[in-house]
Each structure stands twice: as C-alpha cells, then as structure tokens.
Amino acid sequence: MGRALFRFHGELEDFLPKDQRGTWLQYHYRGAPSLKHAIETFGVPHPEVGVPADLGRPLEDGEALDVYRREFRTQPGEEWRFVLDCHLGRLAKHLRILGFDTVYRPQAEDGWLAAVSHDEGRVLLTMDRGLLMRGLVDRGSLVRSAAPRDQLREILGRFHLAGQVRPLRRCLRCNGLLVDVAKDEVLDQIPPKTRLWCQEYRRCSACSQLYWAGSHYERMMAWVENLGIRANQNPC
Ligand SMILES: [Zn+2]
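## As for the overall build of the protein chain
Stage number 1. Along the protein chain, the regular secondary structure elements total seven helices and eleven strands.
Stage number 2. Projected onto its principal axes, the C-alpha positions of the protein chain cover 80 × 30 × 30 Å.
Stage number 3. Going through the 236 residues of the protein chain one by one, you find that 45% of them count as buried.
Stage number 4. Residue pairs at least 24 apart in sequence account for 56% of intrachain contacts in the protein chain once pairs closer than 6 positions are excluded.
Stage number 5. As displayed, the protein chain has an accessible area near 12,300 Å², and 48% of this comes from carbon and sulfur atoms.
Stage number 6. Here the protein chain contributes 34 positive and 31 negative side-chain charges, whose respective centroids are spaced 5 Å apart.

Here's what the structure looks like:
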C-alpha cells in the first residue's frame with residue numbers, strides 16, 4: 001500500500017472539515033491513482049487547484065505535497081467567459097449587467113454545463129462540488145456565498161473583474177451583444193418621454209431587445225458604484 005501526505009492552503013481549505021485545515025493529511029492508496037484523484041478524495045475539486053500543476057501524473061509513494069488554489073487571471077486581451085448552473089440565475093443577471101459574457105439556462109443539466117464549459121472554454125460557476133469534479137471541466141469555481149450580492153462580490157474578487165466592467169454591453173435576457181442603433185430606426189419602440197431627452201440607443205444583436213441609459217441605468221450604476229467598482233463606459 002502507498003502513502004502520501006497533502007496539505008491544502010488558502011481558499012482550498014473551504015472544502016475541508018475544520019479539523020483538517022492547516023495540517024498534513026494522510027492518503028493511503030493501492031494501485032496508481034493520479035494526483036487529481038487523490039486530491040478530489042479530500043473533497044477539493046481539481047479546477048480550483050493551481051499547484052501542483054500536473055494533476056494527471058501518478059502519485060509517488062512517500063511524497064508530501066502542498067496544494068494551492070489556482071490564481072484566476074487572464075492573459076492580456078483575453079476576457080473571462082462564464083457558464084452558470086441553474087441555481088445562479090440572479091448572479092447570471094448581475095454579471096450580464098456588468099457586461100460579462102454569461103451563459104445561463106434555468107433548466108440546464110449537469111452534462112450540458114460541463115460540455116459548454118469544456119467546448120467553449122467558459123468558467124463553470126456552480127454551487128455543486130460534484131459537478132466541478134467532472135473530468136470534462138477544466139475551468140471552474142465553486143460559488144461559496146448564498147446571497148446573490150455576496151456571490152457577485154466573491155466572483156468579482158476571485159477573477160479580478162473590477163477593471164473589466166462595461167455596462168450596457170450584454171443583453172440581460174439572452175446574453176447577446178448590444179450594438180448601437182439609430183434613434184430614427186427604433187422611434188416607435190421608445191416611450192414618448194424618453195424620446196425627448198435620450199439620443200443614444202442600443203439593441204440586442206440576438207433578440208432585438210432595446211436598451212438605453214434610462215432611470216434603470218442610473219440605479220444600476222449607483223448599485224455598481226456601491227460595490228466599489230468604476231465602470232469603463234458611459235453610453236449617454
Ligand atoms: Zn437579447
């Protein structure tokens with residue numbers, strides 16, 4: 001029988017019972033389990049692990065490993081794209097409000113979520129640890145908080161999103177990209193009072209929903225400011 005030692009650090013300790021935090025944990029095994037398998041035996045999903053990097057390699061008898069969480073940072077010019085499980089509808093809407101590419105379907109099943117994450121390179125955000133442990137999922141993170149506002153703070157922090165906020169960029173209904181549209185083209189869809197003061201409009205390129213920087217936009221910006229975020233864009 002083989003034996004290895006693991007010690008988990010930082011946010012990875014969230015996955016451990018209190019009495020297993022900050023200490024070396026023993027792992028006994030037969031055969032040749034991979035590092036991924038051994039780490040997930042402790043309840044830590046592999047997409048959250050940054051160090052050691054090669055989780056596919058077999059465990060070596062007698063080794064002692066410090067395990068650290070993945071640092072979620074993008075390369076220059078790259079943006080995070082997300083897919084969210086069916087329990088995170090409010091968080092999905094909040095992320096779209098802030099302009100982030102966010103796939104969300106209320107009836108989505110686990111297999112579909114894992115496949116979309118894998119095929120489209122999207123970060124899977126979920127409250128289901130088992131879903132994150134699926135082999136198909138490369139990028140993903142467990143949402144720890146229960147309240148939607150706390151969830152948003154958590155994800156903005158973990159993925160360093162504060163500098164990438166761009167309101168009025170994504171459709172809140174379908175995630176489509178918003179494009180500028182001439183006022184004349186959509187005059188019949190604008191409430192008469194709004195026509196008087198607003199000159200700039202955007203329309204969803206996928207579902208044609210119309211957007212402008214009305215009173216709801218001001219409320220949204222106040223809400224964004226309350227989170228301590230500066231938006232990159234002021235469309236009107
Ligand atoms: Zn749309």
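## Here we look at the coordination of the zinc ion
Tetrahedral coordination by four donors sets the ideal angle at the metal to 109.5 degrees; octahedral coordination by six donors sets it to 90 or 180 degrees.
Stage number 1. The protein atoms that coordinate the zinc ion are Cys-171 (SG), Cys-174 (SG), Cys-204 (SG) and Cys-207 (SG), at distances of 2.3 to 2.4 Å.
Stage number 2. Given four donor atoms and angles of 96 to 119° at the metal, the environment of the zinc ion is assigned as tetrahedral.
Stage number 3. All donors of the zinc ion come from a single chain, and their spacing in sequence reads C-x2-C-x29-C-x2-C. Of this pair, Cys-171 sits in the loop between α5 (148–158) and β9 (178–181) while Cys-207 sits in the loop between β10 (201–204) and β11 (210–211), and the two are 36 residues apart along the sequence.
Stage number 4. On the basis of relative accessibility, which here comes to 0%, the residue Cys-171 falls in the buried class.
Stage number 5. With a relative accessible area of 28%, Cys-207 lands in the partly exposed category.

## A word on the pairing of strand β7 (residues 123–126)
Stage number 1. Neither face of β7 is exposed, since Val-123 and Leu-125 on one face and Leu-124 and Thr-126 on the opposite face are all buried.
Stage number 2. In this structure, strand β5 (residues 82–84) lies alongside β7, joined through three bridges in parallel fashion. Considered in β7, the bridge of Leu-84 is made with Leu-125.
Stage number 3. With three bridges joining them, β7 and strand β8 (residues 140–142) adopt parallel strand pairing. Across the sheet, Thr-126 pairs through a bridge with Leu-142, a residue of β8.

Conventions adopted
- Residues numbered from 1 in each chain as written.
- Predicted model: local features only at pLDDT ≥ 70, side-chain atom pairs only at ≥ 80, totals over all residues.
- Heavy atoms only, no water.
- Helix = DSSP H or I, 4+ residues; strand = E, 2+ residues; numbered from the N terminus.
- Buried < 20%, exposed > 50% of the residue type's maximum accessible area, 1.4 Å probe, protein only.
- Contact = heavy atoms within 4.5 Å.
- Areas by Shrake-Rupley, 256 points an atom, 1.4 Å probe, with all protein chains shown as cover.
- Lys, Arg positive; Asp, Glu negative; His and termini not counted.
- Charge placed at Lys NZ, Arg CZ, Asp CG, Glu CD.
- Donors = N, O, S within 2.8 Å, 3.2 Å for Na, K, Ca; no water.
- Tetrahedral: all angles 85-135°; square planar, octahedral: opposite > 155°, others 65-115°.
- Pairing = 2+ DSSP bridges.

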